2 protein chains.
Amino acid sequence: MKPIDYRLYLVLDPNLCGGPQGMVRTAVAAARAGAGIIQLRAPDWKKRAIADCGRELLSALAPFGIPLVIDDHVDVAMAIGAQGVHVGQKDLSARDARRLMGPGALVGLSVSNAPELEASRQLVAEGAVDYLGIGPVAATRTKPDAASPLGIEGFAKLAAAKPCPVVAIGSVKAGNAPALARAGADGVAVVSAICGQKDPEASAASLLAAYLSGIAS
Amino acid sequence: MKPIDYRLYLVLDPNLCGGPQGMVRTAVAAARAGAGIIQLRAPDWKKRAIADCGRELLSALAPFGIPLVIDDHVDVAMAIGAQGVHVGQKDLSARDARRLMGPGALVGLSVSNAPELEASRQLVAEGAVDYLGIGPVAATRTKPDAASPLGIEGFAKLAAAKPCPVVAIGSVKAGNAPALARAGADGVAVVSAICGQKDPEASAASLLAAYLSGIAS
């Protein structure tokens, strides 16, 4: 696998995309616009459905050479041969995920506060975790059980201490992407800023441009 | 692992048992009374909680030498070293489960009708599936999304064509256990007939005795 490009990270939402076919279409549109990593997150789906959709995504994304990361379900990722998994603080531990997925896989971890970021340092040092998702930046409807919003400033504080690449997540839009880039984000992770948009490819391109404008400034 | 004793199969319910400690107590009580296999089923829990509880169950059950089976979550089973998994028709496929768990693990599959039983024949033949859970015998509150009840007669029809050991599940009680034994069940799987009972060990003993009375008759 080529080095991961975290600059634009798409998290697919089944409802916003209108089901599996919409998810594949949205993923391809985002990949065309330069998304470097795509996550399949379907917390309300049974595993057979996630595996089926994941297999379709893997084949649709193969020409782009970008990784598909499965949220939470390490077993689904292993069964379908996805490149990675993303775990939260209440999912299987990152250590377990790494042990099961092997050294070549991509393992991401969600962190929402300073203690979680500090705890991640050891996990990164021992090779369990490749990147962190830090958020939510602001309150978000696509993850009702998310932690308290950090704001740009809170994100910047955590990102300043990062032990590995970090992506900002949770209410990320073209509007705040430049500020997040300046705040130390190696990328921006979005759900509703791409999923369900009229032209997901154009939305993805705008987001990437917005992020890059912050990096350049 | 010694040969599996399917005669009394306990499925642990977090709510009826009053949480993880109650689940461990209930499992040990049932094991003392002769339960030969125990399943951890917590569809509403995050995986970290299932893994934590599963590890406690494994250590509590080790002296009894009986297998712990994890419902749905192959990754949790692998992470904690559980002896098996149980998958439903919408979970990861039994083939995927077998491939991930390896040849030494126990893999169970839920079937609710004749087409599913017929489809399981090939899975058993190729070594993917070790046993079937056939049900629900009657409507059950502990699994609101269960298929239509089979009745004893419907269970008997499916059991007559069984390609491997089968346990009856779904509203199984001491009252219908003898009839299920006569109908071809290699064991009875219960949730509320043990979990949440005042004396789970006595309840388990009664169930096993009831099942055995059907076998002997």
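Residues numbered from 1 in each chain as written. Chains lettered and ligands numbered in written order. Predicted model: local features only at pLDDT ≥ 70, side-chain atom pairs only at ≥ 80, totals over all residues. Heavy atoms only, no water.

1. A word on the environment of G36 of chain A
All names here are of chain A.
- Relative to the helices and strands, G36 resides in the loop between helix 2 (20-32) and strand 2 (37-40).
- For the pair formed by G36 and S112, sequence separation is 76 residues and the distance between their alpha carbons is 23 Å.
- The residues touching G36, leaving out its near neighbours within four places in the chain, are D5, L8, I66 and P67. (Helix = DSSP H or I, 4+ residues; strand = E, 2+ residues; numbered from the N terminus. Contact = heavy atoms within 4.5 Å.)

2. A short note on the layout of surface pockets
All names here are of chain A.
- Each pocket or cavity is described by its volume, and for the second largest pocket that value is around 150 Å³.
- Along its surface, the second largest pocket is lined by D13, P14, N15, L16, R41, A42, P43, D44, W45 and T142.
- Tallied by class, the residues present in the lining of the second largest pocket amount to five nonpolar, two polar and three charged. (1 Å grid on protein atoms, 1.4 Å probe; cavity = no way out; pocket = protein on both sides within 12 Å on 5 of 7 lines; lining within 4 Å. Points joined across faces, edges and corners; volume = space filled by probe spheres on them. Nonpolar A, V, L, I, M, F, W, Y, C, P; charged D, E, K, R; others polar.)

3. Considering the interface of chain A and chain B
- With 21 residues of chain A in contact, the opposing surface of chain B contributes 21 residues.
- Roughly 1800 Å² is buried in total at the junction of chain A and chain B, and carbon and sulfur atoms are behind 53% of that figure.
- Linking chain A with chain B are six salt bridges, by the criterion used here.
- With a shortest N-O distance of 3.3 Å, D91 of chain B and K46 of chain A are connected by a salt bridge.
- Linking chain A to chain B there are 17 residue pairs in polar contact (both at pLDDT 80 or more).
- Breaking the side of chain A that touches chain B down by element, the ones donating at least two residues are helix 3 (47-61), helix 4 (74-80) and helix 5 (94-101) of chain A.
- The element contributing the most residues to the side of chain A that touches chain B is helix 4 of chain A, with five residues.
- Taken together, the residues of the side of chain A that touches chain B sort by class into seven nonpolar, four polar and ten charged. (Buried area = accessible area lost by both parts, 1.4 Å probe. Salt bridge = Lys/Arg side-chain N within 4 Å of Asp/Glu carboxyl O. Polar contact = N/O pair within 3.5 Å; in protein donor to acceptor, adjacent residues only side chain to side chain.)

Read these as layout, nothing more, since geometry by itself doesn't imply function.
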